[in-house]
Amino acid sequence: MSSTDVDQQIEIWKMKRLIKSLSLARGSGTSMISLVMPPKDQISIMNNTLTNEYGTASNIKSRVNRLSVLSAITSAQQCLKHYSRVPPKGLVVYCGTILTDEGKEKKVSIHFEPFKPINTSLYLCDNKFHVEALQELLDNDSSFGFIIIDGNGCLYGRVTGNTREIITQFTVDLPKKHGRGGQSAQRFGRIRQEKRHHYLRKVAETATQVFIPNNKVNETGIILAGSAEFKNDLMKSDLFDPRMRAKVINVVDVSYGGVNGFDQAISLSQECLSNVKLVQETKLIEKLFDEISLDTGKYSYGIMDTLKALDMGAVETLIVWESLDVNRVILSGPDGIEVERFFTPAQEADRSNYVDKDTGAELEVKEKMPMLEWLTEIYKEKGAVLEFVTDRSTVGSQFVKGFGGMGGLLRYKMDVALLEGDDNDMYYDDDEEVVENDDDDCFF
């Protein structure tokens, strides 16, 4: 997987976390604004809408609700001031006053450009944030290329999420079959076959230009569709780039060519499109399982063993369950020495994990962040490729329940269990000198 693909996968994971936190947020009254603008919308029009909404909200009878709504609208207007025009991929704004777990009010103001184009237009005031438009981006986060070919022409399209794009198309005038001509019938037949061959050549060359612009297929998969035999001829032809042939995930019969055929091909390929990412992550986890079953030594699993291998730069591919709920916590004692630990929610709630067992001194939390977020920041400097997986497949569920939801494919053979400092915490003083400790009860 290229660095661009990995970066996009990280963006997708961050988007999932944001969606989860926003969907759980609740407020009082209608003080939470959800604003989504597609790329072609205008900032000035939305500013006018917010100004009108401000005037309407001034008439709300409840003083508390009125002030909350007016504050949210003002925050949304302030967010829009950061943009002279809607960004190329659209604009998403969430503003309002939410209630924390302690029952206190907290103001929230978030604005960003999504990681891929959004074509939904939305403005809502409610007691919750509406994240359906963002969720749609994640439901189909891969890009698929379509080639719609028949005897009248060829269309090239792309589907990404809920966005359909026609890249280019052209028409062709091919001679029809006929039985007339006498002695010239064979010549007419040769001319017809030559023109069909030239047409297939043009289709194949254009497909290469469209889908392999930088010597690499940009699409997750390719779908061939058409109403005649041209799609099958193209699939079998030596003119069709083998890199694209390897990416073909479906060949479908459609009743039309052009745009109508494109729409029909999308409809007939829904199941195929939805399963591609699941198949990819299944293959990745199965590769890890194969290394384990063959006992090659080029693997690690479990959080602590994998983190040790990662720290040594031995992990080539880091595989992590996208919902792994573990926090990285930095604790500090009275002497100023710091220790890095990884806690599950249950371990985090156990106060005995915040006490130095040698001295009985209480340890202070200096830093805390989700381990997955920490991994997205450090995986590159460790020389690894970070892959998030789900538990929706059989092997995915087995990976989460039986292997701790974290593992690694290693660059070289090593026995992680024999590493020096196994199962020991690592304490750091001010000079970043590593000091080992025999306390092994706080590892996850």
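Given the structure is predicted, the values throughout are model-derived calculations rather than measurements.

Caption draft 1: Quick peek at the sheet that holds strand β15 (residues 385-389). With mixed pairing, 4 strands are arranged side by side in an open sheet as β10-β16-β11-β15. Each edge of the open sheet carries a strand with a single partner, namely β10 (299-301) and β15. Neighbouring strand axes in the sheet, compared pairwise and without regard to direction, differ in orientation by 15 degrees on average. Pairing geometry for β10 and strand β16 (residues 406-410), over 3 bridges, is antiparallel. Residue pairing in the sheet places Y299 in a bridge with L409 of β16.

Caption draft 2: Structural view of the packing of helix α2 (residues 43-57) against helix α3 (residues 63-80). For the pair α2 and α3, the least separation of the axes is 10 Å and the interaxial angle reads 165 degrees. With respect to α3, the axis of α2 lies roughly antiparallel. As for the relative orientation of α2 and α3, their crossing is left-handed in sense. Touching I43, M46, N47, L50, T51, E53, Y54 and A57 of α2 are R66, V69, L70, I73, T74, A76, Q77 and L80, all from α3. Of the residues belonging to the contact of α2 with α3, the class tally is 10 nonpolar, 4 polar and 2 charged.

Caption draft 3: Fine view of the nonpolar core. Formed by 30 residues in total, the largest nonpolar core has its most connected members in L307, V320, L324, M371, L375 and M406. Of all the secondary-structure elements, those providing two or more residues to this core are α1 (3-24), α10 (303-311), β11 (315-321), α12 (371-378), β15 and β16. If we ignore the near neighbours within four places in the chain, the residues touching M406 are Y301, G302, I303, T306, L307, L318, I319, V320, L324, M371, L375 and F399.

Caption draft 4: Focus on the confidence of the model for the protein chain. With 89% of its residues at a pLDDT of at least 70, the protein chain reaches an overall mean of 84. The element-level mean pLDDT for the protein chain is lowest in strand β17 (residues 425-428), coming to 34, with β16 highest at 95. Confidence over residues 421-444 falls short of pLDDT 50; this stretch has 56 contacts with residues more than four positions distant or in other chains.

Conventions and cut-offs
- Residues numbered from 1 in each chain as written.
- Predicted model: local features only at pLDDT ≥ 70, side-chain atom pairs only at ≥ 80, totals over all residues.
- Heavy atoms only, no water.
- Pairing = 2+ DSSP bridges.
- Helix = DSSP H or I, 4+ residues; strand = E, 2+ residues; numbered from the N terminus.
- Axes fitted to C-alpha atoms, helices over the stretch in contact; angles between N-to-C directions.
- Parallel < 35°, antiparallel > 145°, perpendicular 65-115°, else oblique.
- Left-handed = near helix turned anticlockwise from the far one by under 90°.
- Contact = heavy atoms within 4.5 Å.
- Nonpolar A, V, L, I, M, F, W, Y, C, P; charged D, E, K, R; others polar.
- Core = buried A, V, L, I, M, F, W, Y, C linked by side-chain atoms within 4.5 Å.
- Buried < 20%, exposed > 50% of the residue type's maximum accessible area, 1.4 Å probe, protein only.
- pLDDT = per-residue confidence, 0-100.

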